[in-house]
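What follows is each chain in one-letter form.
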Amino acid sequence: MQPRSYLTLSILSALGVFVSAAHAQQTSENDSQEIEEIVALASPIKDSQTAAIEAKRVASNVMEVIAADTIGRFPDQNLADSLGRVPGLAIERDQGQARYINFRGMPFRYTAIGFDGIDVPGAENGRIPRFDSFPSVITRRIEVNKAVLPSMTGEAVAGYVNIETFNPFDREGFSADLDVGMGEQQLGGGDVEKFGSRLSFSNDSFGVMGFYSKNSREQVTDNREYDLGADGAVNSIDMRSYKLTREDEAYGGRLEYRLDNGTRFFISSLYSEFTDLEQRNQYVFNFATSPVGPVIENAPVYINRLLQDGEYSNSTQTITLGTDFLVAGWDVALRYNLTETEFSTQLPIIYQSGLDFLNDFAADIHLVDLDLTNIEDPIITSATPVDEIVYGPTSTYAYKINSPLNVDADKIKLDASKDLSFLGLPSTLSIGGEYNKREAKGENLVDFDVLAFIPAFGGAELDVNSFLTEESWASNTSNSINANYWNNAGLRAAWEASGAELFPAASADERTHIEEDITAAYAMMESQFNWGSIVYGLRIEQTDYSSVGTLLDSETGEETPVDYSDDFTNVLPSVHLNYNINDKAIARVSFSSGVNRPTYQEWRAAASINPTATPTAVSGGNPSLKAEESYGLDGTLEYYFAPASIASASIFSRFVDNVIYTDVQSVDGAIYGGQPGETWELSGPVNGSDGEITGIELNLIAMAEDFVPALMGWGVSVNATFVDSEFTTIQGETLDLPGTSDLIYNASVFYEDYGLSARLNYQYRDEWISPIEDPTEYWGEQNRLDFNIQYVLPENITGPVSATVYFNANNLTDETDLRYAGNNTVNQSESYGRRFLFGLRLSY
């Protein structure tokens, strides 16, 4: 969306806010509002903290709550940033932007995500939630369940994040909210734009609500990658500059009708999409003799150039039709949900190589000097300007990546609860069941075409050098190679205009087609004692799945159909004890269990086979892969020493069997259509064992006025998590689970008074292995310092409309993120610059 479009929407939405306010002021004789959501009132930070802490206090399990207003008062770019402040949760970023959540040091897919109690498939690979596509405008509050109840999905091995969306009955009559902001990404001077709006109306029986949000960020990512030996040998230096435009867009609404007897009917919808438009400018300096650094002179290199105009995207569309009613003393909730997720990677890359593959790998050698004294800023000087190197058609190739995966999911869910006396105790019995039907289809194309630009072989004739611009790289480091940007978009357009097929169909061994049915039932009892409560119950999940694919003979190209199906049942007990030590202290002990099914890429039946190898070698998916099974213990002590303050300490552990990772393993060839009893050697996803995660969480939220009245308005929020994890491979080797940082902590200092609120927030996580990278690699420690300040304009200026101006600043210390290879040498450094945003919120 262009800035002018944002301005138009902003003006129209602002008018809508004031018109709604004026209309309601004239027609309503009752100014009271029924506000069920956790939202700021007179003292925004304190009031939202009070409500969130009270929700945690009365919960039946170990959980955290994030208030709607708390999200708004941090410089959060998306919900991943918001969740990253919860004790035990760590953020994994992509090019500086929060994307994934490591829940207590566990892999991404161990976290389940839901909307209003309906769990939905993760947009990435059917299992992995992508929190960068969900904006704050949809959020009423976030519940982070660390110990799951039987009524919650069994897929929540690490935890269950339930996003409660806004309900039109949260506010009586007309209401409207608008949030608009503009700013800049410092590196590259890219525009940052934010727009969010929500309108609702309700009376005694009818409510309607709609929302729309769009955020856009233009940025440059300054990237350097390395292939270094442990002895200091330099194999290659990779210099990249990415131009990105990242957008998230969401819209939806809710229509609800209520009867006088408490029955209600509703339909709700949410569509959320994240798009990453990425232009890559890349030079790879391959050192022919692998000289030893850090300072090297006159080193012979051949240079590769890669130019890309690609797109990453993911979306989630979920529609729920529901009704709540009372029958024979039972509170019944019936839901039907339809969810569609789409995940896509499309990267058409012009790959110009310093090696001529069609002429005996002849190398075009250049001499360069290298200074690696500062590993974050390698200095390369070349006598030949890199932009002026001319690559012939036999050294210019098409490198094509296309990986779509679409998941369709239908769910019908029934829950019922009834208050009763059980064993003489006031209790609540909850029972329910659900049926999930999911279908996943996708492919993974990785194509390297050496004939793509040789007209004599039917390739496109393309003058790549004509697309060089005069714009120099924007860089936090030294642009020592004096590189300019290429017109990647124009280059792609010319490539497409030549008639080339940028994204041909993937080979048969890279396709995914899985059908999965999950049937679940549970029973849960919560009994009240004079000292607290006990919640106990059982959930049973039955999984039936089929995986259809093709076995591709890498020698002959012969294709053999593979159709694998299986089923399994998981019995998942849980017990939660909540003990009120006194009126300020609560102790909780929980036992819970869960199951994590393989991703659809891992479960695919498609693979390639080399029948001439001994034993027969197969590479691809593993449809016989077992689901990961877990059980865990949690113990917490919570001290509520003031309405808006809490001190807590927790210990936790999770034990996981059948840990999924990538390795080489002997399997029965019958899995892929071979003879039963034949031993084949699979390179792909396999099951390890003895996974274990243990940790300690410490948390403090405090208002300074509770200790020193003179410090009215000041407060702190501090939490730290110490985690250790391991699992055993099929060779008996002990490794860390991906995503585990030994130490995670967050610290915030805030102030609010006289309509002004300000917050400085710091996040830190220790090094960790990324599950989306090579498992031999790991990310170094990361820090982030962010700042937010807001001012609520006086009511005598704004009237019935609440108006807030705000300023956000992200990554104030301009961090550089480092990744390390298995030999402990740096293999990537990345920086993005600071981000600033000014904005206005209007609410009625």
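Residues numbered from 1 in each chain as written. Predicted model: local features only at pLDDT ≥ 70, side-chain atom pairs only at ≥ 80, totals over all residues. Heavy atoms only, no water.

Chemist: Explain the overall build of the chain to me, please; I cannot follow it from the model alone.
Modeler: The secondary structure content of the chain amounts to seven helices and 45 strands. Burial statistics for the chain: of 844 residues in total, 57% are counted as buried. Considering only contacts in the chain between residues 6 or more positions apart, those separated by 24 or more positions represent 71%. For the chain, the exposed surface amounts to about 33,100 Å²; the carbon and sulfur share of it is 54%. When the 53 positive and 123 negative side-chain charges of the chain are each reduced to one mean point, those points stand 7 Å apart. (Helix = DSSP H or I, 4+ residues; strand = E, 2+ residues; numbered from the N terminus. Buried < 20%, exposed > 50% of the residue type's maximum accessible area, 1.4 Å probe, protein only. Contact = heavy atoms within 4.5 Å. Areas by Shrake-Rupley, 256 points an atom, 1.4 Å probe, with all protein chains shown as cover. Lys, Arg positive; Asp, Glu negative; His and termini not counted. Charge placed at Lys NZ, Arg CZ, Asp CG, Glu CD.)

Chemist: Would you mind showing me how to read the confidence of the model for the chain here?
Modeler: Close inspection of predicted coordinates is inappropriate in any region flagged by low pLDDT. Across the chain, the average pLDDT comes to 89, with 93% of residues at or above 70. Below pLDDT 50 for its whole length, residues 1-42 participates in 71 contacts with residues either more than four positions away or in separate chains. (pLDDT = per-residue confidence, 0-100.)

Chemist: Would you mind going over the environment of Gln-282 with me for this structure?
Modeler: Locating Gln-282 in the fold gives a position in strand S12 (residues 264-287). In this structure, the C-alpha to C-alpha distance between Gln-282 and Ala-483, residues 201 residues apart in sequence, is 9.4 Å. Not counting residues up to four positions away in its chain, the partners in contact with Gln-282 are Asp-238, Met-239, Arg-240, Asn-304, Arg-305 and Leu-306. A polar contact of 2.8 Å, which involves the side chain of Gln-282, links it to the side chain of Asp-238. At 2.8 Å, the side chain of Gln-282 and the side chain of Arg-280 are in polar contact. (Polar contact = N/O pair within 3.5 Å; in protein donor to acceptor, adjacent residues only side chain to side chain.)

Chemist: Any chance you could explain the packing of aromatic side chains here in plain terms?
Modeler: Following the criterion strictly, the structure yields 32 aromatic pairs and no others. Each ring, one from Phe-195 and one from Tyr-212, has its centre 6.2 Å from the other, and the planes form 50°; the classification is tilted. In this pair, Phe-195 sits in strand S9 (residues 190-202) while Tyr-212 sits in strand S10 (residues 206-228), placing the two residues 17 residues apart along the sequence. Overall, Phe-195 belongs to the buried group, its relative accessible area being 1%. Overall, Tyr-212 belongs to the buried group, its relative accessible area being 18%. Ring-pair connections join several aromatic residues into one group, and the members of that group are Tyr-351, Tyr-397, Tyr-399 and Phe-448. (Phe/Tyr/Trp six-rings, centres within 6.5 Å; stacked < 30°, edge-to-face > 60°.)

Chemist: In this structure, what is going on with the side chain of Glu-830? I would like to understand it.
Modeler: Tracing the backbone through its elements, the reader meets Glu-830 in strand S44 (residues 826-831). An unpaired buried charge is present at Glu-830: no salt bridge exists, and Arg-240, the closest side chain of opposite charge, is 7.0 Å distant. Only 3.0 Å separates the side chain of Glu-830 from the side chain of Asn-223, close enough to count as a polar contact. Polar side-chain contacts of Glu-830 include one of 3.2 Å to the side chain of Tyr-832. In contact with Glu-830, not counting residues within four places along its chain, are Gln-95, Thr-221, Asp-222, Asn-223, Glu-815, Thr-816 and Asp-817. (Salt bridge = Lys/Arg side-chain N within 4 Å of Asp/Glu carboxyl O.)

Chemist: What is the right way to look at the nonpolar core in this model?
Modeler: The tendency in soluble globular proteins is for nonpolar side chains to be buried as a group. Among the nonpolar cores identified, the biggest contains 41 residues, and Ile-237, Tyr-283, Phe-285, Phe-287 and Ile-481 are the most heavily contacted of them. Of all the elements in the fold, those that place two or more residues in this core are S10, strand S11 (234-258), S12, strand S13 (295-327), strand S17 (366-371), strand S24 (484-486) and helix H5 (488-497). A total of five residues in this core trace back to one element, the largest contributor, which is S13. Contact partners of Phe-285, with chain neighbours within four places excluded, come to Asn-235, Ser-236, Ile-237, Met-239, Val-301, Tyr-302, Ile-303, Val-368, Ile-380, Val-386 and Ile-481. Counting 39 residues, the second largest nonpolar core, distinct from the first, contains Ile-66, Ile-138, Val-157 and Val-686. (Core = buried A, V, L, I, M, F, W, Y, C linked by side-chain atoms within 4.5 Å.)

Chemist: Is there a simple way to explain the sheet that holds strand S4 (residues 111-115) in this structure?
Modeler: The strands making up a sheet associate through backbone hydrogen bonding, with each pair oriented either parallel or antiparallel. Strand order in the open sheet formed by five strands is S1-S6-S7-S4-S5, and the pairing between neighbours is mixed. In this open sheet, the two edge strands, each paired with only one partner strand, are strand S1 (63-67) and strand S5 (118-120). If you compare each strand with its neighbour and ignore which way they point, the axes differ by 25° on average. Strand direction decides the pairing type here: S4 and S5, joined by three bridges, are antiparallel. Each bridged residue has a counterpart across the sheet, and for Gly-114 the counterpart in S5 is Asp-119. (Pairing = 2+ DSSP bridges. Axes fitted to C-alpha atoms, helices over the stretch in contact; angles between N-to-C directions.)

Chemist: I would appreciate a short explanation of the pattern of salt bridges in the present structure.
Modeler: In a structure, side chains of opposite charge can pair up when their charged atoms sit close to one another. Going through the model one piece at a time under the given rule, you end up with 53 salt bridges. Between Arg-597 and Glu-155 there is a salt bridge, with the nearest N and O atoms lying 3.3 Å from each other. Separated by 442 residues along the polypeptide, Arg-597 in the loop between strand S28 (585-596) and helix H6 (600-603) and Glu-155 in the loop between strand S6 (139-145) and strand S7 (159-165) bring together distant segments of the chain. Overall, Arg-597 belongs to the buried group, its relative accessible area being 0%. What makes Glu-155 buried here is its relative accessible area of 13%. Linked by salt bridges that have partners in common, Asp-119, Arg-127, Glu-155, Lys-411, Glu-434, Arg-438, Glu-516, Arg-539, Glu-541 and Arg-597 make up one network.

Chemist: Just to check I follow, could you spell out H5 for this structure?
Modeler: Along an α-helix, a turn takes 3.6 residues, which lines up residues three or four apart on a common side. Buried within H5 are the following residues: Asn-488, Gly-490, Leu-491, Arg-492 and Trp-495. On the buried face of H5, the contacting elements are S12, S13, strand S14 (330-352), strand S19 (396-402) and S24. Phi turns positive one or two residues past the end of H5, at Gly-499, with a value near 95°.

Chemist: For this particular structure, what's the right way to read a negative patch on the surface?
Modeler: Residues Glu-629, Asp-657, Asp-690, Glu-692, Asp-724, Glu-726, Asp-736, Asp-742, Glu-767 and Glu-781 make up a contiguous surface patch of negative charge. Going through the elements one at a time, strand S35 (689-703) and strand S36 (714-728) are the ones with two or more residues in the negative patch. Of note, Asp-736 is situated in the loop between strand S37 (734-735) and strand S38 (743-753). (Patch = residues over 30% accessible without salt bridge, like charges linked within 9 Å, V, L, I, M, F, W, Y side chains within 5 Å.)

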